[in-house]
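# Structural overview for review
Below are the chains, spelled out letter by letter.
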Amino acid sequence: MTDKPDLNARIIDEFRANKGEVGGGFSGAPLLLLHTVGARSGRSRVNPMMYLADRGGFLVFASKAGSDRNPDWYHNLLAHPEVRVEVGDAILAVRAVELRGTERDTAFAEQARRYPGFAGYQSKTERVIPVMALIPLGEGAESADRAERTSS
């Protein structure tokens, strides 16, 4: 079995070498690299993850493959919501905001429709999988609009 940090490192390297394109389980899926700061450690972290383009920004889903616990990056975003993302070959400053209620449910349903694995993740846990909106700050919003148009 491949160690998750090693797998993530390989995905990150492939992403950067190919302007956001990767193979394997992420082949053809919209992927970004989320840069966070550890909620407790203060250390920089990078996580590859699928996203759903939304109104010039990006939605990410704290599924942790259906675990009963939220992923560390979710807690990091709550503690330090202003972060960076890499999308294609662009690096954007974003602010993370958690979606709630109908807005969250609609976004999650669309992701599950496009990628049924997300519905499977939700069925494996009793927690409601959080959805985080990553809203571009400043000049990065124009790059986010371009990224959204190319991923749709």
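Placed above this text is the structure.
Quick summary incoming for the structure in this document. (Residues numbered from 1 in each chain as written. Predicted model: local features only at pLDDT ≥ 70, side-chain atom pairs only at ≥ 80, totals over all residues. Heavy atoms only, no water.)

### Some points on the sheet that holds strand 1 (residues 31–37)
Read across the sheet, seven strands follow the order 2-1-5-6-7-4-3 without closing on themselves; strand pairing throughout is antiparallel. Each edge of the sheet is formed by a strand with only one pairing partner; in this case those strands are strand 2 (44–50) and strand 3 (52–54). Along the sheet, successive strands turn relative to each other by an average axial angle of 35°, direction set aside. As defined by bridge partners, strand 1 adjoins strand 5 (residues 82–87) across four bridges and the pair is classed as antiparallel. The partner of leucine 34 across the bridge, within strand 5, is valine 85. Taken strand by strand, helix 2 (residues 72–79) contacts strand 1, strand 2, strand 4 (57–61), strand 5, strand 6 (90–98) and strand 7 (131–136), and its axis lies near 60° from that of strand 1. (Pairing = 2+ DSSP bridges. Helix = DSSP H or I, 4+ residues; strand = E, 2+ residues; numbered from the N terminus. Axes fitted to C-alpha atoms, helices over the stretch in contact; angles between N-to-C directions. Contact = heavy atoms within 4.5 Å.)

### What about the environment of glycine 120?
Within the fold, glycine 120 resides in helix 4 (residues 117–123). Residue classification places glycine 120 among the partly exposed residues on the basis of a relative accessible area of 29%. Measuring from C-alpha to C-alpha, the distance between glycine 120 and serine 63 comes to 9.8 Å, with 57 residues separating the pair along the chain. (Buried < 20%, exposed > 50% of the residue type's maximum accessible area, 1.4 Å probe, protein only.)

### Looking at helix 2
Every buried residue of helix 2 is listed here: Trp73, Tyr74, Asn76 and Leu77. One side of helix 2 holds all its buried residues, which, seen down the axis, span an arc of 160°. Among the structural elements, strand 1, strand 2, strand 4, strand 5, strand 6 and strand 7 are those in contact with the buried residues of helix 2. (Arc of directions from axis to C-beta.)

### Comments concerning the pattern of salt bridges
Applying the stated rule across the entire model yields eight salt bridges. The shortest N-O distance in the salt bridge between glutamate 86 and arginine 16 comes to 2.6 Å. Pair noted here: glutamate 86 is in strand 5 and arginine 16 is in helix 1 (residues 4–17), with a separation of 70 residues, a long-range link. For arginine 113, the salt bridge is made with glutamate 110, and the minimal N-O distance between the two is 2.6 Å. A residue pair is termed a helical-turn pair when its members lie 3 or 4 positions apart in one helix, as arginine 113 and glutamate 110 do in helix 3 (residues 101–114) at three residues. Exposure remark for arginine 113: the relative accessible area of 58% places this residue in the exposed category. A network of salt bridges, in which partner residues are shared, links Asp54, Arg55 and Glu103. (Salt bridge = Lys/Arg side-chain N within 4 Å of Asp/Glu carboxyl O.)

### Here we look at the packing of aromatic side chains
Following the criterion strictly, the structure yields four aromatic pairs and no others. Between tyrosine 51 and phenylalanine 58 the ring centres are 5.1 Å apart and the planes differ by 90°, which places this aromatic pair in the edge-to-face class. Tyrosine 51 sits in the buried class, given a relative accessible area of 4%. Taken together, a centroid distance of 5.4 Å and an interplanar angle of 75° make the contact between phenylalanine 118 and tyrosine 121 edge-to-face. Pair noted here: phenylalanine 118 and tyrosine 121 are both in helix 4, with a separation of three residues, about one helical turn. (Phe/Tyr/Trp six-rings, centres within 6.5 Å; stacked < 30°, edge-to-face > 60°.)

What is shown is where atoms sit, not what they do.
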